[in-house]
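Spelled out from the first residue to the last, the chains are:
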Amino acid sequence: MASITQKNPQNMAGRSRTPGNGTAADWEADGLLPSDGPIPPPGAAPGPLLTHPHGRLLRAGRPHRILAGSLHYFRVHPAQWADRLERIAAMGLNTVDTYVPWNFHEPYPGLFRFTAGHDVEHFLRTAQETGLDVIVRPGPYICAEWDNGGLPVWLTGRPGMRVRSSHPPYLAEVGRWFDELIPRIAALQAGRGGPVVAVQIENEYGSYGDDRTYVRHVRDALVARGITELLYTADGPTGLMQDGGSLPGHLAAATFGARADKAAGLLRARRREEPFLCAEFWNGWFDHWGEKHHVRSVESAAGTLSDILAADGSVSIYMAHGGTNFGLWAGANHHGHTFQPTTTSYDSDAPIAEHGTLTAKFHAFRDLLHTAAGAPRRPLPADPPLLSPRTVPVTPEAGLLGALRALSDPVDSPHPLSFEELGQASGLLLHRATPHLPGSGHRLTVHGLRDRAQVFLDGSPLGVLDRETDSLDLPGRGERIRLELLVENQGRVNYGPRLGEHKGILGGVTVGPRLVHGWTMHRLPLDTWTEQDLARAVSAAPPDGTAGFATARFTVTQPADGFLAFPGFAKGFVWVNGTLLGRYWEIGPQRTLYLPAPLMVPGENLLTLLELERLGDRVEVLGRPDLGPAEEYVETF
């Protein structure tokens, strides 16, 4: 549990904190509490706060169990960090762990963002003030169902780049990024009076490759930049995965959702001198568009957590609080022949819901964790206040194609250019060409489409193409036509060999067997648009057809959390007072988008919508989420 005494006035690495479990007496009786890991005298160079002599995890020389929960600062509004961390601690956890996404902090080479919602150091200090230790997982690859697995598009878009390997150009960029990031983390280690007690080496590398030279390089890069606390690896609970990702001399942890006894047996058979650590316990799961909302029953999840604790294991609950893929940060999976974009919500059926509510799973976990820790319970925070339900009328503002054409200067090319070639990470691209069609019909094919394209013929919608259905019939005109393709990047693959896959039209466009040349393109990076850009968009063209920009306004006396529903709408994006909230899509499962209170102001609030297919006449503000029809998710390992 996260009970803490006053911080040591001598700044002794925070070692005045009490251990995180109640087993010290038992271990002393077993003779397993010797003088290993003593508190260093003033002025001495401290070693790691967490050690594991004789296979027992110690914190400042005292028996300890890591009871952690994953909470990603980049999925939570910074005004809510303190609240969510308090809920983590109230569950009975003594540690929070977080990834650090490279692309979130360095959107362009050399442009680093570490303020406001990007201020990871402020997040770490807030965790310390809450009484929590922190585990940092800096990658450089993080997976996390995050766009491109956290790797910047400007990096993966370089010709010949080979990521997650000892490819020298990649290592050089990792080193440059770590030069900026790791000293910030190192300065907040426990040995310097901060909360950071452990740092992960890469992330589940054994599920990707077997370049051990690369994994060692990442380890050396962390140490060279000042990491002195516990270093560990985390991989799936199979020999193949552990072989690829673990390093001799560093704690090997496992990630899994079930069969804790099997995972513990594997690790202990391979590393008898190490304690059992589940670095990710998948107590729920994330969602893909077009599938069902994944849930895991309280009984199933609590049963596996109980098994981990009974096996004398430490654990990090993934996710303890999932949060939201705000903007266009959601990633995607690609297994076999199916592309699976991730939803805006990252609720993940976590014990602390997307908007902070404490669920039945929270209370079941809390009972287990406090029993394991044998420590007093913290008071339970109240659920966040919610907006009263209301219906908000929508005003159509600007037609789709007319507005999009007006929002950026055109780029000309003989060939359709990809997102990477145009220097754009996410959003939309509008392609236009004027091929001559004979009198008979022909088949239009978009080769290498990543991911979705709406086809317009002389301004009228003709159909929608995607990765699986990449062609449709064009009617014969016997004249030139205006062919427009509105291409949507639906999220970059974050896991597996397709990591770093490019977006847009990668293989050209054909009418019959003939390539179409002479393209004009408009960049539409929705996630970088300002309030001024949105104001220009809604006035760029008159309303036209059933798609385009629209606005809705509603008034609140006091901002509170809410949930937006879009009845009658098909697919699009919504901004709240100039901030891109995320995607909505009628195929679900997600039916509402979480609207955090900090995005609103007392008085009038403005919603700006970009609807790609069919505008509705109203937006509903609801007092509860609707993440869609659910199905039970049970992990097989």
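Right above here is the structure, for reference.
Please read these numbers as outputs of a predicted model, since none were measured by experiment. (Residues numbered from 1 in each chain as written. Predicted model: local features only at pLDDT ≥ 70, side-chain atom pairs only at ≥ 80, totals over all residues. Heavy atoms only, no water.)

**Student:** Report on the pairing of strand β36 (residues 603–611), specifying residues and quantitative values.
**Tutor:** Along any regular strand, the residues point their side chains to alternate faces of the sheet. Two strands pair when backbone bridges link them, and strand β31 (residues 548–556) and β36 are joined in this way by nine bridges, in the antiparallel orientation. Considered in β36, the bridge of T555 is made with E604. Bridge analysis of strand β33 (residues 571–576) against β36 gives five bridges, and the strand direction is antiparallel. Following the sheet pairing, W575 is matched in β36 by T608. (Pairing = 2+ DSSP bridges. Helix = DSSP H or I, 4+ residues; strand = E, 2+ residues; numbered from the N terminus.)

**Student:** For the environment of V464, give the residues involved together with the corresponding values.
**Tutor:** Examined against the element boundaries, V464 turns out to sit in strand β23 (residues 460–466). Once the C-alpha coordinates of V464 and C143 are considered, the two residues, 321 residues apart in sequence, prove to be 29 Å apart. If near-sequence neighbours (up to four positions away) are discounted, V464 is found in contact with R452, A453, Q454 and E613. (Contact = heavy atoms within 4.5 Å.)

**Student:** Tell me what's going on with the packing of aromatic side chains, and back it up with residues and numbers.
**Tutor:** Going through the model one piece at a time under the given rule, you end up with 29 aromatic pairs. Plain terms: the ring middles of F112 and W177 are 6.2 Å apart, the flat faces sit at 15 degrees to each other, and that makes the pair stacked. Here F112, found in the loop between α3 (102–105) and α4 (120–130), pairs with W177, found in helix α6 (residues 168–186); they are 65 residues apart in sequence, far enough to count as distant. Among the aromatic residues, those joined into a cluster by ring pairs are Y73, F74, W81, F104, F123, W146 and W329. Across from the ring centre of F114, 3.9 Å away, lies the NZ or CZ of R184, which sits over that ring. For the cation-ring pair, K571 lies above W585, with the distance from its terminal atom to the ring centre recorded as 4.2 Å. (Phe/Tyr/Trp six-rings, centres within 6.5 Å; stacked < 30°, edge-to-face > 60°. Lys NZ or Arg CZ within 6 Å of the ring centre and 35° of its normal.)

**Student:** Give me the sheet that holds strand β24 (residues 471–474): which residues, what numbers.
**Tutor:** The four strands lie next to each other as β24-β20-β28-β29, forming an open sheet whose pairing is antiparallel. Two strands in the sheet have a free side with no partner beyond their single neighbour: β24 and β29 (514–515).

**Student:** Quick one: what's the story with the pattern of salt bridges, residue by residue and with numbers?
**Tutor:** Under the definition given, this model contains 38 salt bridges. The shortest N-O distance in the salt bridge between E106 and R176 comes to 2.7 Å. Linking E106 in the loop between α3 and α4 with R176 in helix α6, this pair joins segments that are 70 residues apart in sequence. Look at E106 and you get buried, because its relative accessible area is 0%. Notably, a salt bridge pairs R270 with D243, separated by 2.4 Å at the nearest N-O pair. Pair noted here: R270 is in helix α9 (residues 260–270) and D243 is in helix α8 (residues 239–245), with a separation of 27 residues, a long-range link. (Salt bridge = Lys/Arg side-chain N within 4 Å of Asp/Glu carboxyl O. Buried < 20%, exposed > 50% of the residue type's maximum accessible area, 1.4 Å probe, protein only.)

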